[in-house]
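# Structural overview
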Amino acid sequence: MTQREMALFYEGLLYALSNFSAFSVLWRGRWWMTAEHAYQAAKFTDINVILAIMLAPSAHGAEQIAKEHAHLKRADWNEVKIPVMEEILRAKLSQHAYVRETLEKTGKIMIVENSPTDSFWGRGPDWKGQNHLGKIWMRLRKQMRVSGKTG
């Protein structure tokens, strides 16, 4: 499959699908500046770390705070991170028409997070990444088309 046969997102036209895009998310009773804020906060149970992430001025800032406190990460994080991400993205999709329109524009082609560094959520440096973020978006796209809604 060539890059032309994929819906690549990270920056550019499909940036709305990125966790770093400027779409706030109401998730688990709290407003988060971005999906990335919610995802990074979900790694922790320590309220001080969660609040610091919530108040971070950017998605990059939220990510940095989480990295600085990695030693406090939930013990079960590796088991729950994919369903947590899907829950956050489902909320983002249901709350923003522009995100739904962007997802619909991907048609039926494979969605790939065009991250040159992340081999878990994206394509990674060798294009052999697991692309879990793209897989979640494709599941949500299919569900959106079948049910006519996202939640």
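Now for a description of the structure that goes with this document. (Residues numbered from 1 in each chain as written. Predicted model: local features only at pLDDT ≥ 70, side-chain atom pairs only at ≥ 80, totals over all residues. Heavy atoms only, no water.)

### Observations regarding the overall build of the protein chain
Secondary structure assignment for the protein chain yields 6 helices and 4 strands. In the protein chain, the succession of helices and strands from N to C terminus is β-β-β-α-α-α-α-α-β-α. Expressed as lengths along the three principal axes of its C-alpha atoms, the size of the protein chain is roughly 45 × 35 × 25 Å. The burial tally for the protein chain puts 44% of its 151 residues in the buried class. Nonlocal contacts in the protein chain, meaning residues at least 24 apart in sequence, comprise 58% of its contacts between residues at least 6 apart. In the form shown here, the protein chain has an accessible surface area of approximately 8,200 Å², with 55% of it arising from carbon and sulfur atoms. Side chains of the protein chain give 21 positive and 15 negative charges; the mean places of these two sets differ by 6 Å. (Helix = DSSP H or I, 4+ residues; strand = E, 2+ residues; numbered from the N terminus. Buried < 20%, exposed > 50% of the residue type's maximum accessible area, 1.4 Å probe, protein only. Contact = heavy atoms within 4.5 Å. Areas by Shrake-Rupley, 256 points an atom, 1.4 Å probe, with all protein chains shown as cover. Lys, Arg positive; Asp, Glu negative; His and termini not counted. Charge placed at Lys NZ, Arg CZ, Asp CG, Glu CD.)

### Overview of the packing of helix α4 (residues 77-95) against helix α5 (residues 97-105)
Where α4 meets α5, the closest approach of the two axes is 5 Å, and the angle between their N-to-C directions is 105 degrees. Here α4 lies roughly perpendicular to α5, going by the angle between them. Across the interface between the two elements, Lys92, Leu93, Ser94 and Gln95 from α4 touch Ala97, Val99, Arg100 and Leu103 from α5. Considered class by class, the residues forming the contact of α4 with α5 number 4 nonpolar, 2 polar and 2 charged. (Axes fitted to C-alpha atoms, helices over the stretch in contact; angles between N-to-C directions. Parallel < 35°, antiparallel > 145°, perpendicular 65-115°, else oblique. Nonpolar A, V, L, I, M, F, W, Y, C, P; charged D, E, K, R; others polar.)

### Side note on the layout of surface pockets
Sizing a probe to match a water molecule and rolling it over the atoms shows the empty space that remains. A volume near 630 Å³ is recorded for the largest pocket. Phe20, Glu36, Gln40, Glu63 and Asp118 are, among the 26 residues lining the largest pocket, the residues nearest its centre. Going through the elements one at a time, α1 (35-41), α3 (59-68) and α4 are the ones with two or more residues in the lining of the largest pocket. Among the elements that line the lining of the largest pocket, the one with the most residues is α3, at 4 residues. The residue makeup of the lining of the largest pocket, split by class, is 11 nonpolar, 6 polar and 9 charged. (1 Å grid on protein atoms, 1.4 Å probe; cavity = no way out; pocket = protein on both sides within 12 Å on 5 of 7 lines; lining within 4 Å. Points joined across faces, edges and corners; volume = space filled by probe spheres on them.)

### Describing the nonpolar core
Core analysis: the biggest nonpolar cluster contains 36 residues, and Trp27, Ile53, Leu89, Leu103 and Trp137 have the highest contact counts within it. Those elements that provide at least two residues to this core are β2 (25-27), α1, α2 (47-54), α3, α4, α5 and α6 (132-147). (Core = buried A, V, L, I, M, F, W, Y, C linked by side-chain atoms within 4.5 Å.)

### Some words on the packing of aromatic side chains
Inspection of every chain in the model, using the stated rule, returns 4 aromatic pairs. Centroid distance Phe23 to Tyr98: 6.0 Å. Interplanar angle 10 degrees. Geometry classified as stacked. You can see Phe23 sitting in the loop between β1 (6-9) and β2 and its partner Tyr98 sitting in helix α5, a full 75 residues away along the chain. Given a relative accessible area of 16%, Phe23 falls into the buried group. What makes Tyr98 partly exposed here is its relative accessible area of 44%. Ring geometry for Phe120 against Trp121: centres 4.9 Å apart, planes inclined by 90 degrees, an arrangement best described as edge-to-face. Under the relative-accessibility criterion, Trp121 is labelled buried at 9%. (Phe/Tyr/Trp six-rings, centres within 6.5 Å; stacked < 30°, edge-to-face > 60°.)

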